[in-house]
Each structure stands twice: as C-alpha cells, then as structure tokens.
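Chain residues, written in single-letter form:
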Amino acid sequence: MRKRSLVGVVAGVASLALLTSCSGGGDDPAADVDFGATPSGTLAAWGFENADDVGQSRLDYAAGQLDGVDVTLDATAFDAQKFTTRIASGDVPDVVQMDRRYVTTYAAQGLLVPLDACFAAKGVDPTERWYQNVVDDVTYQEAVYAVSQFYQPPAILLNMNVLNEAGVTPEEFDTSNMDGLIAAIGKIYQASGANPTRLGLDPVATGQGGLWVLGMGGQLTDAEGKPTLDDPANAAGIDALKRITDAQGGYAAVKSFTDSFDTFGDANQFVQNQVGAQVANQWYPNVLGAYRDKLSLQAVPFRDAEGQPFSLASGTAFVIPAGAKNPAAACAWMTDLTSTDAWMAAGAARASTIESKGGLNTGLFTGSPEADTMIRDQFVVPTGDAGFDQVISTYYDVVETGKSFGSSPAGQDIQNELNNAITAVLLGDKTTEQALTDAQQAAQRAYDNATAR
C-alpha cells in the first residue's frame, strides 16, 4: 500500500503507487494466477511515500494479517514513464499505487492484472466494499482492475466572516442558479485597479474543471471510454466558469491572485479573507482546523444543473502489474489494507493524533461506505464549533452523490485536454466550441494510441 494516499489530510491529494509482480498468461494476465493460494514469500511494493498515522496503522494491520509475507517498500513516488519502463525491462514490483485516472490506461494496454478473481478468492464484492462511482473509475470492459482507496468529495467552503460583511447568505452559492451566483459574487468581489484583492468565489477552474463540466450536464467519455470532449453539453460548465472569472477581473487576474494564496500556511486565503467561497475537497478543512479561532466557516454542496448535490470521485488505487511475481500475496495485502478493520485501525490512530494535538476530527473518507460510516460514528465527535460541524456534515452528505469521471484508456489525457480547453476559453484565446473541438482531437489521438494493441 502506499504511504501518502494513506496520509489522510494533505496526503489525500497526493498520488502514490505500489506494484506487485504476478505471472500472467496470454491476453489475460490473471489466467494463471492462483489468488486463493496462501500468501508467502516476498512482496515488493512501489510508491509508499511518507506514511503518516493513517498509512502506518494500515500497514501494521496488514502485516499482522500476513505474518508469512516479507513486504519491501520502495518509497519513491509513482512515475508513469518509469512504470512502463520497469514493466518492459522485467523489473516488475508486486503492487503499485497510482491515481485512479491512470488505471484504465494501463488496463487497456494489458499492463495490469484484472482483479475479479482476486476479489472472488477473498470474498470481496467491489460494489459493497466501495462506492459505485469509485468502482466505476477502475472498471474497464466489465473487469475491475484496482483496489481503490480514498474518495474525498468536493463542496463549496464558505468564509462566513466575508459573507456576513457583504450581506450574502449561504443559499446564494447555488451553482444551479448562475444569475444568482454571479450577483452574490459581485457583492463580495473587491479589487485594487485591475487586480483582485478578494474573490466572491474561487471556482478552481482547472483543478475542478471536471466538476463544473459534468455537473452542468456534460460528459467526458462514452460508455466504452472514448473521449467525448466535443459534446455540445460540455459547453455549459465552461461557460459558467467564464462568467464567474469574467465577473472577477478575468481569468488571468484571478489565476495570478489565487497562485499567490498561502494555502497551507498561517496567511491562507480564508484567514486573510481573500475569498468569500472556494470549491475545496474534503481534506482542506483539516488544514483550516488549525485556524478555527480566526475563522467562521460553513459549506454548501456543489449543485448540478437540476439543483441536486453533485460530487466527483477522485483518489488513488493499488494495482497488480502484469508480470508480478507474487500476485497471491499482492491480492491479500491490497484487500487487507482496504478492509473495514484496517480503516478502523486508521480511524483510531487518527483520533489519537488529533487528541494529542488538540485538533478537529473531520473524518476519514476512505472510498468505502461501511468504513466511512463506522469511523464517523465512533470517532467524529462534535468539535465545539458549529460552523466546522456543519462543514463536516456537508461533506458526509455529498459523498453519497458521487459520480465517476468516466473510465477511459485516455483518462489522464482527457483531463489534461479538458484543462487546456478551459484555459483557452477563459483567456479568450478560443471560443468554447473551438477549444472543445481541439481538445477532442488530441484526446482521441491519445485514446487511439492507448487502444492500438
């Protein structure tokens, strides 16, 4: 398993990788694998960086379940080019941790072992252990290729000090009502000349671009994973982002301002009242908890075009590369690391850490509905701050509304091309239609290359 994905707070955003070697056969690299064999021998895992309390507790739990397995950890970060190079050279680890957006790309190239037999051997039903959207992220041609971990949904964090000063209510931050949202932004926005000094809303246009496009009714892929960036429905989300940034001095000015934020520091954008609201994933309130005496926070869901709460899956996963030498141990290790018992050990470790530091317990968002519920019930207690309690509750509410980005052999390229299109439109370099057309062409080339085997 990895170290940073297990990290919980900020580490929840980082990509890690662990690899397993397994003997594959023909077109199906799982054909000759006995996942029911008793785990033994050495297990090589790649990408386990900086395990924190959440990561180490899970490592310890898995070690206790597999006392006949010697686990060796390569703590260097996952690297896409290095991954394919290692497989080509035969230097194949047994488990790799990577961002879920990469999984289908490698599955389509025959570089990963499908895990349905692994799950069957361990009595794991993926649709019961994980949220459906999390499973969808790593499913290709009806096979599941990864053991997922973490799903930290986005929502809109509200700086109530700023909203109260401007006379704006949380209800006005409704992304399904763009006219009302733009009006609220206008009441909060401040500038010095052409330079913003306070944003009404930081939409995180490229970092959360998929949220806006899919939430407004678009689609990034079709049912087979082919890119659909030129779908006319994708324009609504990008046009919404343009209205929001144009209302605050234009994208160039907004991007320059947000790049200056001390996001993880004492002078962060909420403490400094540089934002009235910001789209943020669930891990960020952990950062802001250290400044609770200076802040008044609330949160509202991101709402889709129909006004319903909407969120997107994101996170990391463990995979077994084709050619791994110890797939039976890899299967056991990955499923142990993501079991409810492992997550409860992590929840206890995190609660102990928080108590020793006087912090706030915002929960662990594991990717597993059972683990999320049990951790919340046992460890997430009232903070004494009504605003933070409301924020925590909001994220727990929206986690059930998650959708998949769409599983595609060109998943990472689709995301990159979407961001390129959004940037071009917001800067005024291209029309929305032209930007999406260009993005589709580039993404289609990536898809064709990924599936040409």
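Residues numbered from 1 in each chain as written. Predicted model: local features only at pLDDT ≥ 70, side-chain atom pairs only at ≥ 80, totals over all residues. Heavy atoms only, no water.

Caption draft 1: Representation of the state of the cysteines within the structure. Throughout the structure, instances matching the rule amount to one disulfide. For Cys 118, the disulfide goes to Cys 331, at an S-S distance of 2.1 Å. As the torsion about the S-S bond is roughly 95 degrees, the Cys 118-Cys 331 disulfide counts as right-handed. Taken as a pair, Cys 118 in helix H4 (residues 116-122) and Cys 331 in helix H13 (residues 327-337) lie far apart in primary sequence, 213 residues in all. (Disulfide = S-S within 2.5 Å. Helix = DSSP H or I, 4+ residues; strand = E, 2+ residues; numbered from the N terminus.)

Caption draft 2: Structural context of the nonpolar core. Counting residues in each nonpolar core, the largest one holds 80 residues, and the members touching the most others are Phe 83, Val 103, Leu 157 and Trp 333. The next biggest cluster of nonpolar side chains, apart from the first, holds 47 residues, and it includes Ile 182, Leu 241, Leu 312 and Leu 418. (Core = buried A, V, L, I, M, F, W, Y, C linked by side-chain atoms within 4.5 Å. Buried < 20%, exposed > 50% of the residue type's maximum accessible area, 1.4 Å probe, protein only.)

Caption draft 3: Highlighting the confidence of the model for the protein chain. This prediction gives the protein chain a mean pLDDT of 91; 92% of its residues lie at or above 70. When the criterion is pLDDT under 50, residues 1-26 qualifies, and its contacts beyond four places in sequence or with other chains add up to 157 contacts. (pLDDT = per-residue confidence, 0-100. Contact = heavy atoms within 4.5 Å.)

Caption draft 4: Layout of the sheet that holds strand S1 (residues 41-46). Read across the open sheet, the five strands follow the order S2-S1-S3-S13-S6; overall the sheet is mixed. Looking at which strands have only one partner, the edges of the open sheet turn out to be strand S2 (69-74) and strand S6 (147-149). Across the sheet, the mean angle from the axis of one strand to that of its neighbour is 25 degrees, orientation sign disregarded. As defined by bridge partners, S6 adjoins strand S13 (residues 316-319) across three bridges and the pair is classed as antiparallel. (Pairing = 2+ DSSP bridges. Axes fitted to C-alpha atoms, helices over the stretch in contact; angles between N-to-C directions.)

Caption draft 5: Region of interest: the pairing of strand S9 (residues 195-198). Direction of pairing for strand S8 (residues 190-192) relative to S9: antiparallel, over a ladder of three bridges. Paired with Ala 191 across the bridge in S9 is Pro 196. Once S8 ends, the chain turns through two residues before running back antiparallel as S9, passing Gly 193 with a positive phi of about 65 degrees.

Caption draft 6: Structural view of the packing of helix H10 (residues 235-246) against helix H17 (residues 411-426). Contact geometry of H10 with H17 gives a least axis separation of 10 Å together with a crossing angle of 45 degrees. On the basis of their axis angle, the class for H10 and H17 is oblique. H10 and H17 meet at a crossing whose hand is right-handed. Of the residues in H17, those in contact with Ile 238, Leu 241, Lys 242 and Thr 245 of H10 are Ile 422, Val 425 and Leu 426. Split by residue class, the contact of H10 with H17 holds five nonpolar, one polar and one charged. (Parallel < 35°, antiparallel > 145°, perpendicular 65-115°, else oblique. Left-handed = near helix turned anticlockwise from the far one by under 90°. Nonpolar A, V, L, I, M, F, W, Y, C, P; charged D, E, K, R; others polar.)

Caption draft 7: Examining the sheet that holds strand S7 (residues 154-159) more closely. Read across the sheet, three strands follow the order S10-S7-S11 without closing on themselves; strand pairing throughout is antiparallel. Taken across any chain shown, the strands that pair with only one partner, and hence form the sheet edges, are strand S10 (277-281) and strand S11 (297-300). In this sheet, adjacent strand axes meet at a mean angle of 35 degrees when their direction is disregarded. Sheet topology places S7 next to S10; five bridges connect them, and they run antiparallel. Paired with Pro 154 across the strands is Asn 281, a residue of S10. The sheet strands contacting helix H16 (residues 386-398) are S7, S10 and S11, and the helix crosses S11 at an angle near 20 degrees.

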